[in-house]
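A look at the structure
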Amino acid sequence: MKTPHKTIPQSLADVEELLAQVAASDAATRKVTAQMDAEITRIREKYAAILDREKTLREAAEEQIASWAELNKADFGDRRSMVLTHGTIGWRLGNPAVKLRARVKADQALEQVKRRLPEYVRRVEELDKAALLSAYTGKAISAEDLEACGLKITQTERFYCEPKSEETER
């Protein structure tokens, strides 16, 4: 498809004509996207039962293999996995995690860590930008106050072109 040369519109009528092109293109895109989504949905529905059946069969087989492996850990020797004809079975270690012991509440553990291991307690200090913006908007702080702290309030402006959503024919 040949790209049209870029010229700047000379009048509001030219802009209206271009916006009509944008609206028509937007409508055509939405129509094609809807058709594409409908086809994709039909294809997903066509294969959903097969995929569900295969997933169920795989999960059942994996469950049976895991049960056998649990009962026959001695067959693994000192290894964590076993290579078989059709694949590998075994155990993977998860990442280490800090967990609460039974009957210990999080606030109790935090207090004990504060007392015994204080270097492992986080203390996060950060700017509350939302509160600063709200205070500035409500005139509780001034631009000079912010400037003295090395801050400023900025706002960007961005052009937009928003076509109407009615069906438009080209």
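Residues numbered from 1 in each chain as written. Predicted model: local features only at pLDDT ≥ 70, side-chain atom pairs only at ≥ 80, totals over all residues. Heavy atoms only, no water.

Examining the pattern of salt bridges
Any two side chains of opposite charge can pair if their charged atoms end up close together. Test applied: Whenever Lys or Arg places a side-chain nitrogen within 4 Å of a carboxyl oxygen from Asp or Glu, that contact is recorded as a salt bridge. By the criteria applied, helices consist of DSSP H or I runs no shorter than four residues and strands consist of E runs no shorter than two, each listed in order from the N terminus. Here the term buried applies to any residue with accessible area under 20% of the maximum for its type, exposed to any over 50%, and partly exposed to those in between, with areas from a 1.4 Å probe on protein chains only.
One pass over the structure, following the stated rule, counts 5 salt bridges. Here Glu 54 ties to Arg 53 by a salt bridge, and the two come within 3.5 Å at their closest N and O atoms. Note that Lys 114 and Glu 111 form a salt bridge whose closest N and O atoms lie 3.6 Å from each other. Of this pair, Lys 114 and Glu 111 are both found in helix H2 (residues 106-116), 3 residues apart, which corresponds to roughly one turn of the helix. Judged by its relative accessible area of 39%, Lys 114 is partly exposed. For Glu 111, a relative accessible area of 45% gives the class partly exposed.

Things to note about the pairing of strand S1 (residues 81-84)
What counts, and what does not: If DSSP finds at least two bridges between two strands, the strands pair.
For S1 and strand S2 (residues 87-90), the ladder comprises 4 bridges, and the chain directions are antiparallel. Residue pairing in the sheet places Leu 84 in a bridge with Gly 87 of S2. Counted between consecutive antiparallel strands, the loop separating S1 from S2 contains 2 residues.

What about the packing of aromatic side chains?
Going by this rule: Pairs were defined over the aromatic rings of Phe, Tyr and Trp, the Trp ring being its six-membered one, requiring ring centres within 6.5 Å. Orientation was assigned from the angle between planes: stacked under 30 degrees, edge-to-face over 60, tilted for the rest.
Evaluated as defined, the whole model comprises 2 aromatic pairs. Between the aromatic rings of Trp 68 and Phe 76, the centroid separation amounts to 6.5 Å while the plane-to-plane angle is 50 degrees, which identifies the pairing as tilted. Given a relative accessible area of 1%, Phe 76 falls into the buried group. Here the aromatic residues Trp 68, Phe 76 and Trp 91 are joined through ring pairs into a cluster of three or more.

Some remarks on the environment of Ser 81
Short version of the rule: Throughout, a contact is declared for two residues whenever any of their heavy atoms are within 4.5 Å.
Mapped onto the secondary structure, Ser 81 falls in strand S1. Distance from Ser 81 to Ala 69, taken between C-alpha atoms, is 9.9 Å for residues 12 residues apart in sequence. When sequence neighbours within four positions are dropped, the list of residues in contact with Ser 81 reads Phe 76, Thr 88, Ile 89 and Gly 90.

Brief notes about a nonpolar patch on the surface
Rule in force here: Like-charged residues within 9 Å of one another, or nonpolar side chains (Val, Leu, Ile, Met, Phe, Trp, Tyr) within 5 Å, are grouped into patches, provided each residue has over 30% relative accessible area and no salt bridge. Accessible surface area values rest on a Shrake-Rupley calculation with a 1.4 Å probe, where residue burial reflects the displayed protein chains alone.
Together, Ile 43, Tyr 47, Ile 50 and Leu 51 give the surface a local cluster of nonpolar side chains, amounting to about 390 Å² of exposed area. Among the structural elements, Ile 50 can be located in helix H1 (residues 12-71). Looking at Ile 50, the relative accessible area reads 40%, which means it is partly exposed.

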